[in-house]
Amino acid sequence: RFTGRGAPANDARGRSGRQWVPVGGMLLSIVADYGPGDLAFAEVAQRLLHRLPDATVVAVPVPAFDTVSAGFCVAQLALNAGPPGRVVFHNVAPRADADDPRPDNAGEPLTLARLPSGVAVVGAFAGFVLSFLRDEALSVAVLDVPAAGSQFRSRDIFPDAVAAVVAGNPPLGEPIPRERIPAPPERSVVWVDGYGNLKTNWHDAPAPSGTPVRVTIGDVTATATVSDGTFEVPDGALAFAPGSSGWRTRDGSERPFYELLLRGGSAAARFASPAAGMPVTVAAA
């Protein structure tokens, strides 16, 4: 890993004034629409470890082409406590920024986001992958690496750029203005965890604790109880409460994420397995 000494002083193009000193293995989180057991993940991890042999790699798989889930997971990892000098590498790149044929497998540009903590976030600039960071990052800039030349850029092209970022010599290109980064979808599903809990982009209680409300996602409506804790409902009941996810924003305030939890079951199954980005409507019961 790398430990920072001195205050982070980034210029307009994302260069950091922090001095990075190697002190051992670094944490490298990979948020991608492939995961452990997938050949794609094995190849990407192998290439990254070839360039960064002391890294510890952690995989965070998200659904195919799901940039909302990817963006939420990237922010959850990057904005919370962890070892210094860590890197979050994201690769969900549906190549949906243009409908025309893509010569030579051209895709979205690679970017580097720098956070006040010194965490570096590297990945393809697609959809909502940077949306949860747009108000928190010190800077976001394009990395000057080929956008074409391989169908498998995260294996063949991106590892060299990640290694350059870790070494403190990122191939910086033009800065990306904040207004070019889309805002996260409001009051929507942003992540479905392994227990079937639905994390949403609701940050405030829609009603006092203990109030029953009608929650609609897609074609499904169910009754949930607003509460201060996800388990403050009986077995078999839905809770709508601040969950375990969230972070402290740059202005010092807390940013919670309310989630739907079906105690003893799966909220995702109750709502017919909604995808990230689907609106969550809450009304009086």
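A quick note: this is a predicted structure, and the numbers were derived from the prediction, not measured.

1. Side note on the overall build of the protein
- Along its length, the protein carries 5 helices and 16 strands.
- Counting across all 285 residues of the protein, residues that qualify as buried make up 47%.
- Pairs at least 24 apart in sequence give 65% of the contacts found in the protein among residues at least 6 apart.
- Of the roughly 12,800 Å² that the protein leaves accessible, carbon and sulfur atoms contribute 51%.

2. Considerations on the environment of Asp204
- You can see Asp204 is positioned in the loop between strand S11 (198-200) and strand S12 (212-217).
- Taking the C-alpha atoms as reference points, Asp204 and Pro242, separated by 38 residues in sequence, lie 8.4 Å from one another.

3. Some points on the sheet that holds S12
- Strand order across the open sheet formed by 7 strands is S10-S11-S15-S14-S13-S12-S16, with mixed pairing between neighbours. Looking along the sheet, the strands with just one partner apiece sit at the ends: strand S10 (189-192) and strand S16 (281-284). Neighbour to neighbour, the strand axes of the sheet diverge by 40° on average, direction disregarded.
- When S11 meets strand S15 (residues 254-262), the two strands line up antiparallel, connected through 2 bridges.

4. Some points on the packing of aromatic side chains
- Applying the stated criterion to the full structure yields 9 aromatic pairs.
- For the pair Trp247 and Phe257, a centre-to-centre distance of 4.9 Å together with 55° between the ring planes defines the contact as tilted. Within this pair, whereas Trp247 is found in strand S14 (residues 238-248), its partner Phe257 is found in strand S15, the two being separated by 10 residues in sequence. Phe257 carries the same exposure label as Trp247, and that label is buried.
- Within the aromatic cluster, the residues linked to one another by ring pairs are Phe72, Phe132, Trp247 and Phe257.
- Cation over ring: Arg187 sits above Trp202, and NZ or CZ is 3.9 Å from the ring centre.

5. Describing the sheet that holds strand S3 (residues 27-32)
- If you trace the 7 strands from one edge of the open sheet to the other, you get S4-S3-S5-S7-S6-S8-S9, paired in mixed fashion. The open sheet has two free edges, formed respectively by strand S4 (56-61) and strand S9 (172-175), since each of these has just one partner strand. When strand polarity is set aside, the average angle formed by the axes of neighbouring strands in this sheet is 25°.
- Pairing analysis gives 2 bridges linking strand S8 (residues 139-143) to S9, with the strands arranged antiparallel.

6. Some remarks on the pattern of salt bridges
- All told, the structure shown has 8 salt bridges when counted by the stated rule.
- Two residues, Arg178 and Asp135, come together in a salt bridge whose shortest N-O distance is 2.5 Å. Remark: Asp135 occurs in the loop between strand S7 (120-124) and S8 and Arg178 occurs in the loop between S9 and S10; sequence separation between them is 43 residues.
- Taking the relative accessible area as the measure of exposure, Arg178 reaches 44% and is therefore partly exposed.
- Residue Asp135 is classed as partly exposed on the basis of its relative accessible area of 42%.
- A salt bridge links Lys199 to Glu259; the shortest N-O distance between them is 2.7 Å. Here Lys199, found in strand S11, pairs with Glu259, found in strand S15; they are 60 residues apart in sequence, far enough to count as distant.

7. So, the confidence of the model for the protein
- Overall, the prediction assigns the protein a mean pLDDT of 86, with 85% of residues at 70 or greater.
- When the criterion is pLDDT under 50, residues 1-24 qualifies, and its contacts beyond four places in sequence or with other chains add up to 59 contacts.

8. Observations concerning the packing of helix H1 (residues 39-51) against helix H4 (residues 158-166)
- Direction vectors running N to C along H1 and H4 enclose 40°, while the axes themselves pass 9 Å from each other. If you check the angle between H1 and H4, you find them oblique. Where H1 crosses over H4, the handedness of that crossing is right-handed. Here Arg47, Leu48 and Arg51 of H1 come into contact with H4, specifically with Pro159, Asp160, Val162 and Ala163.

9. Focus: the side chain of Asn197
- Mapped onto the elements of the fold, Asn197 is located in the loop between S10 and S11.
- For Asn197, a relative accessible area of 8% translates into the label buried.
- Apart from residues no more than four positions distant in its own chain, Asn197 is found in contact with Trp191, Val192, Glu259, Leu260 and Leu261.

How each quantity is defined
Residues numbered from 1 in each chain as written. Predicted model: local features only at pLDDT ≥ 70, side-chain atom pairs only at ≥ 80, totals over all residues. Heavy atoms only, no water. Helix = DSSP H or I, 4+ residues; strand = E, 2+ residues; numbered from the N terminus. Buried < 20%, exposed > 50% of the residue type's maximum accessible area, 1.4 Å probe, protein only. Contact = heavy atoms within 4.5 Å. Areas by Shrake-Rupley, 256 points an atom, 1.4 Å probe, with all protein chains shown as cover. Pairing = 2+ DSSP bridges. Axes fitted to C-alpha atoms, helices over the stretch in contact; angles between N-to-C directions. Phe/Tyr/Trp six-rings, centres within 6.5 Å; stacked < 30°, edge-to-face > 60°. Lys NZ or Arg CZ within 6 Å of the ring centre and 35° of its normal. Salt bridge = Lys/Arg side-chain N within 4 Å of Asp/Glu carboxyl O. pLDDT = per-residue confidence, 0-100. Parallel < 35°, antiparallel > 145°, perpendicular 65-115°, else oblique. Left-handed = near helix turned anticlockwise from the far one by under 90°.

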